[in-house]
Amino acid sequence: MRNSCWFTWTVAAIVPGLVHLSLLPYVIYKIYPPHIKKSPDAVIHAQDKLKEMGDLKSEEWIMLVTFLMALLFWMFSESWGIEATTTAIFGISILLFTGVLDWKDVIKEHSAWETMLWFAPLLMMATFLTKFGMMSWFSDQMQASVSGFHWGQAFIILSLVYFYSHYGFASITARVTALYSAFLVTMIALGTPPMLAAMSLAILSNLAGTLTHFGTGSAPIFFGAGYVSVGDWWRLSFILSLLGLTVWGIVGGIWWKVLGYW
């Protein structure tokens, strides 16, 4: 059953996804060009540094093995019943006990601590908005506002609202849990073909993860590197969101018509 779901997802996303991926580097290069565009000596410099470092040391082997173990635990966390937090603590503990890291190495990672401190409240806020009924109220309001529309118009409006509502969430999972079912039911009730509605919301759930620097679990890590400011992130992500919506709306719409989704 799971393999069938993944195959359906792959077939639905492969064509618009490849088109989107092929356009992204070019568009980003044009709207946010790098300061250094050519580095002919980079390969030589990297090779010289690798020679200076020599063979892998024992600490580096421990780090490599620990990383692979953590990756394995994360991949099979659901079937093995291991929480992601447990995996993280397990990996850090190994590195600390073996001396690969010491506590000073941990506490000096200021960007990681800052990410945790402001990401956790945002995630909890989204969770409690759902718990206190805010998202149910929001879904009901959206359903009432598009009740008299043709299903095509309602589909576009609800898709855009669902997509950009991610500005208020710090987790893709939290938003899917709060809004996906309600928006899906509303779309189908208004006449949207079920497969079109389900697949569109699923795709939009993923695309919206880059809207903000806290929109998904990996975003704070990239933002914490300090290469992109908050203003640049939000400006660029909005421009790129228009690109994504256009590609998936046109190419995806045609492809899904071929597949018989609508």
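Residues numbered from 1 in each chain as written. Predicted model: local features only at pLDDT ≥ 70, side-chain atom pairs only at ≥ 80, totals over all residues. Heavy atoms only, no water.

Enquirer: Just checking my understanding: could you explain the overall build of the protein chain for this structure?
Expert: If you tally the helices and strands in the protein chain, you get 13 helices and 0 strands. Helices and strands in the protein chain line up, N terminus first, as α-α-α-α-α-α-α-α-α-α-α-α-α. Considering only C-alpha atoms, the protein chain reaches an extent of 70 × 45 × 40 Å along its principal axes. Residues classed as buried in the protein chain amount to 28% of the 262 residues present. Intrachain contacts of the protein chain at a sequence separation of at least 6 include 69% that bridge at least 24 residues. In the structure as shown, the protein chain presents an accessible area of about 16,900 Å², 71% of it carried by carbon and sulfur atoms. With 13 positive and 14 negative side-chain charges, the protein chain shows a separation of 11 Å between the mean positions of the two kinds. (Helix = DSSP H or I, 4+ residues; strand = E, 2+ residues; numbered from the N terminus. Buried < 20%, exposed > 50% of the residue type's maximum accessible area, 1.4 Å probe, protein only. Contact = heavy atoms within 4.5 Å. Areas by Shrake-Rupley, 256 points an atom, 1.4 Å probe, with all protein chains shown as cover. Lys, Arg positive; Asp, Glu negative; His and termini not counted. Charge placed at Lys NZ, Arg CZ, Asp CG, Glu CD.)

Enquirer: I'm lost on the confidence of the model for the protein chain in this one. Help?
Expert: Detailed reading of predicted coordinates is not advised where the pLDDT is low. When the pLDDT values of the protein chain are averaged, the result is 85; 92% of them are 70 or greater. Of all the helices and strands in the protein chain, helix H7 (residues 110-131) carries the lowest mean pLDDT, 68, while helix H13 (residues 230-259) carries the highest, 94. (pLDDT = per-residue confidence, 0-100.)

Enquirer: Could you clarify how one ought to interpret helix H11 (residues 194-207) in this entry?
Expert: In an α-helix, one full turn covers 3.6 residues, which means residues spaced three or four apart are oriented alike. Across its 14 residues, H11 extends 20 Å between first and last C-alpha, which sits within 8% of the 20 Å expected from 1.5 Å per residue. Listed as buried for H11 are Leu 196, Ala 197, Met 199, Ser 200, Leu 201, Ala 202, Ile 203, Leu 204 and Ser 205. (Expected span 1.5 Å × (residues − 1).)

Enquirer: In this structure, what is going on with the packing of helix H9 (residues 151-164) against H13? I would like to understand it.
Expert: Between two packed helices, what matters for the description is the angle formed by their axes and the separation of those axes. Two elements in contact, H9 and H13, have axes separated by 13 Å at closest approach and are oriented at 145°. In the packing of H9 onto H13, the handedness of the crossing is right-handed. Contacts between H9 and H13 pair Leu 160, Phe 163 and Tyr 164 from the former with Phe 238, Ser 241, Leu 242 and Leu 245 from the latter. Looking at the contact of H9 with H13 residue by residue, the class counts come to 6 nonpolar, 1 polar and no charged. (Axes fitted to C-alpha atoms, helices over the stretch in contact; angles between N-to-C directions. Left-handed = near helix turned anticlockwise from the far one by under 90°. Nonpolar A, V, L, I, M, F, W, Y, C, P; charged D, E, K, R; others polar.)

Enquirer: Looking at this structure, I do not really get the packing of H11 against H13. What am I missing?
Expert: At a closest axis distance of 12 Å, the pairing of H11 and H13 adopts a crossing angle of 150°. Here H13 runs roughly antiparallel to H11, going by the angle between their axes. Crossing geometry of H11 relative to H13 is assigned as right-handed. In this structure, H11 uses Leu 196, Met 199, Ser 200, Ile 203, Leu 204 and Leu 207 to contact H13, whose residues at the interface are Leu 245, Trp 248 and Trp 256. Each residue belonging to the contact of H11 with H13 can be placed in one class, and the counts come to 8 nonpolar, 1 polar and no charged. (Parallel < 35°, antiparallel > 145°, perpendicular 65-115°, else oblique.)

Enquirer: I keep staring at the nonpolar core and nothing clicks. Help me out?
Expert: One recurring pattern in soluble globular proteins: nonpolar side chains tend to sit buried together. Counting residues in hydrophobic clusters, the biggest one holds 29 residues, and the most contacted among them are Tyr 162, Phe 183, Leu 201 and Trp 256. Put simply, the parts of the chain that give this core at least two residues each are helix H1 (2-31), H9, helix H10 (172-189), H11 and H13. In contact with Phe 183, not counting residues within four places along its chain, are Phe 138, Ser 139, Met 142, Leu 158, Val 161, Tyr 162 and Leu 201. (Core = buried A, V, L, I, M, F, W, Y, C linked by side-chain atoms within 4.5 Å.)

Enquirer: For this particular structure, what's the right way to read a nonpolar patch on the surface?
Expert: Taken together, the side chains of Leu 56, Trp 61, Leu 64, Phe 67, Leu 68, Leu 71, Leu 72, Trp 74, Met 75, Phe 76 and Trp 80 define a hydrophobic patch exposed on the protein surface, amounting to about 1,200 Å² of accessible area. For the nonpolar patch, the element with the highest residue contribution is helix H3 (residues 58-75), accounting for 8 residues. Secondary-structure assignment places Phe 67 in helix H3. Residue class for Phe 67 comes out exposed when judged on its relative accessible area of 52%. (Patch = residues over 30% accessible without salt bridge, like charges linked within 9 Å, V, L, I, M, F, W, Y side chains within 5 Å. Salt bridge = Lys/Arg side-chain N within 4 Å of Asp/Glu carboxyl O.)

Enquirer: What's the story with the packing of aromatic side chains in this structure? I'm lost.
Expert: Centre-to-centre distance and the angle between the planes together describe a pair of aromatic rings. Enumeration over the complete set of coordinates arrives at 12 aromatic pairs. Ring geometry for Phe 73 versus Trp 80: centroids 5.9 Å apart, planes at 70°, classification edge-to-face. Judged by relative accessible area, Trp 80 falls into the partly exposed class, the value being 45%. Measuring from ring centre to ring centre gives 4.8 Å for Phe 163 and Tyr 164, while their planes differ by 90°; the resulting arrangement is edge-to-face. Residue classification places Tyr 164 among the partly exposed positions, given a relative accessible area of 22%. An aromatic cluster is built from Phe 163, Tyr 164, Tyr 167, Phe 214, Trp 234 and Phe 238, whose rings are joined through pairwise contacts. Above the plane of the ring of Tyr 162 lies Arg 175, whose end atom (NZ or CZ) is 4.4 Å from the centre. Looking at Lys 257, its charged tip hangs above the ring of Trp 262, at a distance of 4.6 Å from the centre. (Phe/Tyr/Trp six-rings, centres within 6.5 Å; stacked < 30°, edge-to-face > 60°. Lys NZ or Arg CZ within 6 Å of the ring centre and 35° of its normal.)

Enquirer: When you look at the pattern of salt bridges in this model, what are you seeing that I'm missing?
Expert: It is possible for side chains of opposite charge to pair when their charged atoms get near one another. Tallied over the full model, the rule gives 2 salt bridges. Here Glu 52 and Lys 49 are joined by a salt bridge, their closest N and O atoms 3.8 Å apart. One end of the pair, Glu 52, and the other, Lys 49, are both in helix H2 (residues 42-53), 3 residues apart, so they sit about a helical turn from each other. The exposed category is assigned to Glu 52, whose relative accessible area is 61%.

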